[in-house]
Number of protein chains: 2
Amino acid sequence: MRGVEDGETTGRSARDRMTAAAFSLFAERGFDSTTIEDITRLAGVGRTTFFRTFGSKEDVVFPDHEDLLARIEARLAASGPDSTWVALGDAAAIVLEQYLGEGEVARLRYGLTSVVPALREREIASAQRYRLVFKRFLRDLLGDTPRDALRADLIAAAIVTAHNHVLLRWLRGETSTPQKDLTTALGAVTEAFGGTSSEDEGTTVVVLRSGQGIETLLPRLRSALSDSPD
Amino acid sequence: MRGVEDGETTGRSARDRMTAAAFSLFAERGFDSTTIEDITRLAGVGRTTFFRTFGSKEDVVFPDHEDLLARIEARLAASGPDSTWVALGDAAAIVLEQYLGEGEVARLRYGLTSVVPALREREIASAQRYRLVFKRFLRDLLGDTPRDALRADLIAAAIVTAHNHVLLRWLRGETSTPQKDLTTALGAVTEAFGGTSSEDEGTTVVVLRSGQGIETLLPRLRSALSDSPD
DNA sequence: TAGAAAATGATACGGAGTATCAACTTCTGT
DNA sequence: ACAGAAGTTGATACTCCGTATCATTTTCTA
C-alpha cells in the first residue's frame, strides 16, 4: 500500500478505492485514529469527493441497505396467503446470504462495530429498519387491532433476533452452517408464534386433569374418540 | 428564559441547568441548530464544563441508564426458581415506570429522536443494553446449548419489544393505561414462550384427532378420565 | 472540434470534541 | 483566622468532521 498506481485507478471506482483504503487503514490504526485525509490520500481522491460519495465517515463502513431492503420487500410482496412463514423465512435468508457473501468485509465490520460506539449504534439501528419492513408486512396481513399490532411487532422482532443470532455466531466463527442454523432458529420462531395461528383448521383444545398415569388413560382416550365407542 | 438569575444558580446543579437549557433550546430551534455555546450561555457555565458533565452533545438528551440497569439486574437476581416470568415482568415494569415518571421530558425526547438520526440511533442502541441484561439472566437460567442461547435471545427480544411497543403507544398519546397494556403485552410473550416451559409440573399433552363434535366427545372424555371408567 | 454539462479538487468556515493552563473556589491543618 | 493544598471552572488553542462555494478538469454531445 504505497498509494495509487495508474493501472489500479482506471479499473476501480473511486468509491471502491476509498472503501478499500478505509478498511485497510481502520485495520491498521483504528477507526478514530484514521482521518478522512488519510483515506482520501491513500485512495488518490480529494476529500470533497469522499463526502460526495459517503454522507459521513461512518457510512464508509456499512453496506448500502436500500437495495437489500427493497429485495426483501419484493420477496414479502410476492407471498401468497398460505406462504407467510415461508416468505418471512426467505426474506431473512436473503439478508443472511448478503452478509455471508461479503465474507471478510463483514467480519472486519463486526470487529469495528465491536469497539467503536458510534459504529455499534449505527449497526444496531440498521437492524431496526429490517424489523420495520417485517412489521409493516405483518401489519398489512394481520389486521388493525392493538393485539394484531403487538403480534406483528413481536414476530418481526423475533425474526430479526433469530437472524442476528445466527449471523453473530457466524461472524464469531462459532458456526460453519449458518443457513441451516437460520432454518432451525426460524423454526423456533414459528413454533412460538405460528402454533396458535388461525390458519389451522378445526382443532379444539380441551384441558382436563386426571391423577392417573398416561399409560392407563391413553387406551381409554382412544376409545372415547373412536367412532363407535365401547 | 433571559439567562440565569442568582437565586436559580445556587439552587440547581450545573447539570440540571444545562439540561433544562438544552431541552428548552432544542424545542425552540431544533437539536442541530442549537450549539453547545448556546446551551452553556443560557445555563451560565463554561463550555468546558459542558463536556466535563456530558460526554457529548447527544448525552444531554438521554437519561442515565446505569442506575436503571442496575435496578432491573437486582430485581432479576432476586427471583426464585418459580418466579422467572414474574421477575421478567417486574423488571420490564420498572423500566416503564421510569419513563412514565419522566412525563413530559420523555415526550420531548421522543420528539427529538423522531427527527434527529443520531439521536434515534442512540435511543435504539440503548434498548439493546436492556435486552442484553434480560438475555444474560435467561442464559444463566436456561443452560448452555445453542438452543438455550437462541431461546434466551428470543425471549429477551420479545420482552423489550413488548415494553417498547407499549411505551411508544404511550409516548404517542395512543394509550392512557400503559401499565395494564404492558401486562397484556407480556402475557402474549408468556403465551408464545412460556407454554412449553419445563417449569410446569406433571402436565402431559396428548394430541388425538376425531371428526366428531366436541359436544359428543366431552362426556366420553370425562368418563375416560374418571377413576372408575364405565 | 467547440461548447455544455458533469465531476472533481482546493479552500474557507462552523461546530463538536480534546487538551492545556490560568484563575477561582473550597477545604484542611495549624 | 490564615496559608497552602486540593478541587473545580473557564479561556484558549487546536484537530477533525462536515458544509458550502468556486475554480479547474474531465466527459459528453452536436
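Our structure's up above, just so we're on the same page.
The notes below deal with the structure included here. (Residues numbered from 1 in each chain as written. Chains lettered and ligands numbered in written order. Predicted model: local features only at pLDDT ≥ 70, side-chain atom pairs only at ≥ 80, totals over all residues. Heavy atoms only, no water.)

1. A look at the protein's contact with DNA strand C
Inference 1: Around DNA strand C sit 14 residues in total, of which Gly 46, Thr 49 and Arg 52 of chain A together with Arg 47 and Lys 57 of chain B are the nearest.
Inference 2: Put simply, 46% of the atoms of DNA strand C that lie within 4 Å of the protein are in sugar or phosphate.
Inference 3: Between Ile 36 of chain B and DNA strand C, the recorded distance is 3.2 Å, taken from a backbone N or O atom to a phosphate oxygen.
Inference 4: Lys 57 of chain B is positioned with one of its backbone polar atoms (N or O) 2.6 Å from a phosphate oxygen of DNA strand C.
Inference 5: Mapped onto the surface near DNA strand C, the elements with two or more residues apiece are α4 (47-53) of chain A together with α4 (47-53) of chain B.
Inference 6: Classifying every residue of the surface near DNA strand C by side-chain character gives three nonpolar, seven polar and four charged. (Near = heavy atom within 4 Å. Polar contact = N/O pair within 3.5 Å; in protein donor to acceptor, adjacent residues only side chain to side chain. Helix = DSSP H or I, 4+ residues; strand = E, 2+ residues; numbered from the N terminus. Nonpolar A, V, L, I, M, F, W, Y, C, P; charged D, E, K, R; others polar.)

2. So, the environment of Ala 27 of chain B
Inference 1: Mapped onto the fold, Ala 27 of chain B is located in helix α2 (residues 14-29).
Inference 2: Distance in space between the C-alpha atoms of Ala 27 of chain B and Arg 109 of chain B is 9.9 Å, their sequence separation being 82 residues.

3. Quick word on the protein's contact with DNA strand D
Inference 1: Around DNA strand D sit 15 residues in total, of which Arg 47 and Lys 57 of chain A together with Gly 46, Thr 49 and Arg 52 of chain B are the nearest.
Inference 2: Counting only atoms of DNA strand D within 4 Å of the protein, the sugar-phosphate share comes to 44%.
Inference 3: Arg 47 of chain A places a polar side-chain atom, nitrogen or oxygen, 2.6 Å from a base nitrogen of DNA strand D.
Inference 4: Listing elements by their share of the surface near DNA strand D, those giving two or more residues are α4 of chain A together with α4 of chain B.
Inference 5: With three residues, α4 of chain B is the single largest residue contributor to the surface near DNA strand D.
Inference 6: Here the surface near DNA strand D is composed, by residue class, of three nonpolar, eight polar and four charged.

4. Topic: the pattern of salt bridges
Inference 1: On inspection of all chains with the given rule, the structure shows 25 salt bridges over all chains.
Inference 2: Arg 41 of chain A is the partner of Asp 38 of chain A in a salt bridge, and the nearest nitrogen-oxygen pair spans 3.7 Å. Residue Asp 38 of chain A and its partner Arg 41 of chain A are both found in helix α3 (residues 36-43); the two are separated by three residues, about one turn of the helix.
Inference 3: On the basis of relative accessibility, which here comes to 15%, the residue Asp 38 of chain A falls in the buried class.
Inference 4: Here Asp 153 of chain B makes a salt bridge to Arg 131 of chain B, at a shortest N to O gap of 3.2 Å. Remark: Arg 131 of chain B occurs in helix α8 (residues 117-142) and Asp 153 of chain B occurs in helix α9 (residues 146-171); sequence separation between them is 22 residues. For the pair shown, Asp 153 of chain B and Arg 131 of chain B are each scored as buried. (Salt bridge = Lys/Arg side-chain N within 4 Å of Asp/Glu carboxyl O. Buried < 20%, exposed > 50% of the residue type's maximum accessible area, 1.4 Å probe, protein only.)

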